[in-house]
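# Close look at the chain arrangement
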Amino acid sequence: SAYRLAVNSSGYVLKPNQPSFSASYTGTNGWADPANNETTPPFNTASIHPNNYNIGNHYNTSNYRFTAPVAGVYFFMVCLGHLYMTQNEHIVMEFRKNGTRHAYQYKQQTNAGGHNNYDSGEMMTQLQLAVGDYITFTVSGTAQYYKGPSEMSFSGHLLG
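Residues numbered from 1 in each chain as written. Predicted model: local features only at pLDDT ≥ 70, side-chain atom pairs only at ≥ 80, totals over all residues. Heavy atoms only, no water.

## Comments concerning a nonpolar patch on the surface
On the surface, Y3, Y12 and L14 cluster together into a nonpolar patch covering about 300 Å² of accessible area. Assignment of secondary structure puts Y3 in the segment before strand 1 (6-7). (Patch = residues over 30% accessible without salt bridge, like charges linked within 9 Å, V, L, I, M, F, W, Y side chains within 5 Å. Areas by Shrake-Rupley, 256 points an atom, 1.4 Å probe, with all protein chains shown as cover. Salt bridge = Lys/Arg side-chain N within 4 Å of Asp/Glu carboxyl O. Helix = DSSP H or I, 4+ residues; strand = E, 2+ residues; numbered from the N terminus.)

## Side note on the environment of L80
In this fold, L80 is placed in strand 8 (residues 72-85). A C-alpha to C-alpha distance of 9.8 Å links L80 and V139, two positions 59 residues apart in sequence. Those residues in contact with L80, other than ones at most four positions away along the chain, are F43, M93, S120, G121, F137, V139, Y145, E151 and M152. (Contact = heavy atoms within 4.5 Å.)

## What about the pairing of strand 13 (residues 144-147)?
For strand 4 (residues 30-32) and strand 13, the ladder comprises 3 bridges, and the chain directions are antiparallel. Along strand 13, the bridge assignment pairs A32 with Y145. In this structure, strand 8 lies alongside strand 13, joined through 2 bridges in antiparallel fashion. The residue of strand 13 that forms the bridge with Y84 is Q144. (Pairing = 2+ DSSP bridges.)

## Let's talk about the side chain of T138
Tracing the backbone through its elements, the reader meets T138 in strand 12 (residues 134-141). Looking at T138, the relative accessible area reads 4%, which means it is buried. (Buried < 20%, exposed > 50% of the residue type's maximum accessible area, 1.4 Å probe, protein only.)

## Details of the sheet that holds strand 6 (residues 59-60)
Strand pairing in a sheet relies on backbone hydrogen bonds. The paired strands run either parallel or antiparallel. Spatially, 5 strands are ordered 6-7-12-9-10 in an open sheet, and the strand pairing comes out antiparallel. The open sheet has two edge strands with one neighbour each: strand 6 and strand 10 (100-108). Two strands pair when backbone bridges link them, and strand 9 (residues 90-97) and strand 10 are joined in this way by 8 bridges, in the antiparallel orientation. Among the inter-strand pairings, E94 is bridged to a residue of strand 10, identified as Y104.

## A word on the pattern of salt bridges
Tallied over the full model, the rule gives 5 salt bridges. Between K97 and D133 there is a salt bridge whose closest N-O contact spans 3.9 Å. With a gap of 36 residues between them, K97 in strand 9 and D133 in the loop between strand 11 (117-129) and strand 12 connect regions that are remote in the sequence. Assessed through its relative accessible area of 27%, K97 is described here as partly exposed. Given the relative accessible area of 13%, D133 is considered buried.

## Digging into the nonpolar core
Grouped burial of nonpolar side chains is what soluble globular proteins tend to show. Core analysis: the biggest nonpolar cluster contains 31 residues, and F43, Y59, F76, L80, F137 and F154 have the highest contact counts within it. Elements with a minimum of two residues in this core: strand 3 (20-24), strand 8, strand 9, strand 11, strand 12 and strand 14 (152-158). Among the elements that line this core, the one with the most residues is strand 8, at 6 residues. (Core = buried A, V, L, I, M, F, W, Y, C linked by side-chain atoms within 4.5 Å.)

Here you go:
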């Protein structure tokens, strides 16, 4: 786009070059087991899926990191659409800033009957980033998550 910022006739502020991304997974669908090790889900495309984009190319589809091009407050969201847990299994989802935990969510299946449980895992956070800071999302635990383009997404954008 030829402009950096515009206000249209309805008063909407348009910022077509605002750093933002939406990434998902392309590959063989199926269950992934972190086997109690911290892993980074492979959000490996920001262009093929119709809802994906990578304005400014600040999201890296090889190492699954978003690197801040400018200092500011950013918003991030992740969705693991399906979690599979049996009795006493758990999953830990984390946003990491420069490799250090920023926010996390813990889910555990404690059903005394041992029934299987399907759940979803969503997380959102906003945080202040300096130029060059990077954000990753990791998962660990004994439960499984489903890898598929409709079930996994990671997105973020600069708020200001």
